[in-house]
Amino acid sequence: MLPELRFEDRVYPVDDMDTVLNTLLKNGHAIPNFCRSGICHSCMMKAVEGTPLPFTQIGLSDTLVAENYFLTCQCAVYAPLKVARPEKQKRTRFVAIVKDISRLANNVSRLLLSPEHEFVYQAGQYTTLTSVDGHSGDFPIASVHGEGRFMEFHIHDDPDKPLNRHIAHELEIGDGLEIQTALGDEYYRDEHKDRDIVILGVDTLIASGLGLLRKALESNHVGTLTLVHARVDVSRDYLANALAGLPDAGAGIYCEELDARTTVDSVDVLARRGSELAVHTPRADIYIAAPIEVSRNLLDHSDQWLSLLMEED
């Protein structure tokens, strides 16, 4: 009988002593990884049930070892094992250097970062950035891995968020930010290239949807591509300028921009339009790129809709 690997309420029989990392990747999970030799630590996860062998924990701190963290690229599944993603604050951290920062719109900056180590991510994911002063925030990734040398982020100049203000007004080319391994298990998959895609997004959080659509265009996506943007706080020129950076300036994407006075209003605006599109395109994958509270409300409208942002810890 084959040993079983349990992850996120799913069970996978594992053959030939395959590793935890290979098993999860083969089954469609977006697990951060790079070196696959136990050096970069980007694939670290936690054993919830079962005990990882000591050599799979080499290089981890005593605290992480005591909490059953291990490196999935080094861990063969030889006995039943249940694993979980690392706690958000314990994800592997890297340094990323600012390569460019410019205005994408009146109150939105385009930030280009170059991680000092290879940073693997999927189109539609997001990550955590931290300044030298310790200010942190989660930001969607607008770029596609492997497309260019830099990672792209769209930063709203929000006066209530210290890191956003720091990036918009103080950060300079050559400065460093801390970046953590990417999050999000909903992203573009080549096997879905014949399906219709609908992105429902709010303000700059639409950037994760733009990354997903960028990948779709590069993959010669067959299905229709629709982007619905609820604008609450960003200036009106943001979406047009962001689309101009896509292949062929986003040609082939049907776009709608809807005004919402508040984040709460954006729930009704997107729910109404998303429901209409679900009727007219029943085969569509509908992705939500919105604040957590908006996503929760929109997911109540249909269990078929998918959130590009995960729940906060």
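Here the structure is a predicted model, which is why all the values come from computation and not from measurement.

## A short note on the packing of aromatic side chains
Phase 1: Using the criterion set out here, one finds 2 aromatic pairs in the structure.
Phase 2: When the centroid spacing of 6.0 Å and the interplanar angle of 75° are considered together, the rings of Phe-94 and Phe-119 count as edge-to-face. Placement of the pair is Phe-94 in strand β6 (residues 93-105) and Phe-119 in the loop between β7 (108-115) and β8 (126-130), with a sequence separation of 25 residues.
Phase 3: Residue Phe-94 is classed as buried on the basis of its relative accessible area of 6%.
Phase 4: Classification of Phe-119 as buried rests on a relative accessible area of 6%.

## Focus on the sheet that holds strand β1 (residues 4-7)
Phase 1: If you trace the 5 strands from one edge of the open sheet to the other, you get β2-β1-β5-β3-β4, paired in mixed fashion. Only two strands of the sheet have a single neighbouring strand rather than two, namely β2 (10-13) and β4 (69-71). Adjacent strand axes in the sheet meet at a mean angle of 35°, parallel and antiparallel pairs treated alike.
Phase 2: In the sheet, β1 pairs with strand β5 (residues 81-84) via 3 bridges, with the strands oriented parallel. Pairing of Arg-6 across the sheet is with Lys-82, part of β5.

## Quick notes on the nonpolar core
Phase 1: Counting residues in hydrophobic clusters, the biggest one holds 28 residues, and the most contacted among them are Ile-197, Ile-199, Leu-210, Leu-227 and Tyr-238.
Phase 2: Elements represented by at least two residues in this core include exactly β6, β12 (197-202), α4 (207-218), β13 (225-231), α5 (238-244) and β15 (285-289).
Phase 3: Among the elements that make up this core, the one with the highest residue count is α4 (6 residues).
Phase 4: Filtering out sequence-adjacent residues up to four positions away, Leu-210 remains in contact with Ala-142, His-154, Leu-227, Tyr-238, Ala-242, Leu-243 and Leu-246.
Phase 5: Of all hydrophobic cores here, the second largest spans 22 residues; its members include Val-20, Met-45, Leu-60 and Leu-64.

## Points about the sheet that holds β6
Phase 1: Read across the sheet, 6 strands follow the order β9-β8-β11-β6-β7-β10 without closing on themselves; strand pairing throughout is antiparallel. On the outer flanks of this sheet lie β9 (136-140) and β10 (151-156), each paired with one strand and no other. Between one strand and the next, the sheet's axes are offset by a mean angle of 40°, whatever the strand orientation.
Phase 2: Across 6 bridges, β7 lies against β10 in antiparallel orientation. Opposite Val-108, over in β10, you have His-156 as the bridge partner.
Phase 3: Along the sheet face, helix α3 (residues 162-169) touches β6, β7, β8, β9 and β10 and points at about 70° away from the line of β9.

## Section: the pattern of salt bridges
Phase 1: Across all of its chains, the model carries 18 salt bridges by this definition.
Phase 2: We note a salt bridge from Lys-88 to Asp-138, for which the minimum N-O separation is 2.3 Å. Placement of the pair is Lys-88 in the loop between β5 and β6 and Asp-138 in strand β9, with a sequence separation of 50 residues.
Phase 3: Here Asp-138 falls in the partly exposed class, since its relative accessible area comes to 29%.

Basis of the calculations
Counting of residues starts from 1 at the beginning of each chain's written sequence and follows it residue by residue. The model is predicted, so local features are restricted to residues of pLDDT at least 70 and side-chain atom pairs to those at 80 or more, both for listing and for counting; the totals for chains, interfaces and linings are taken over all residues. Remark: hydrogens and water are excluded; side-chain values derive from all non-hydrogen atoms of the structure. To pair, rings of Phe, Tyr and Trp, with the six-membered ring standing in for Trp, must have centres within 6.5 Å; the planes then decide the type, stacked if under 30 degrees apart, edge-to-face if over 60, and tilted in the middle. Comment: elements are numbered from the N terminus, with helices defined as DSSP H or I runs of at least four residues and strands as E runs of at least two. Three labels apply to residues, based on accessible area from a 1.4 Å probe with only protein chains included: buried if under 20% of the type maximum, exposed if over 50%, partly exposed otherwise in between. DSSP-based pairing: two strands are paired if at least 2 bridges between them are found. The axes used here are C-alpha line fits, helices contributing only the stretch in contact, and every angle between their N-to-C directions lies in the interval 0 to 180 degrees. Throughout this description, the term nonpolar core refers to a set of buried Ala, Val, Leu, Ile, Met, Phe, Trp, Tyr and Cys residues connected via side-chain atoms within 4.5 Å. By the convention used here, residues are in contact when the closest approach between their heavy atoms is within 4.5 Å. Whenever a carboxyl oxygen of Asp or Glu lies within 4 Å of a side-chain nitrogen of Lys or Arg, that contact is scored as a salt bridge.

No statement about biological role is implied by the geometric values presented.
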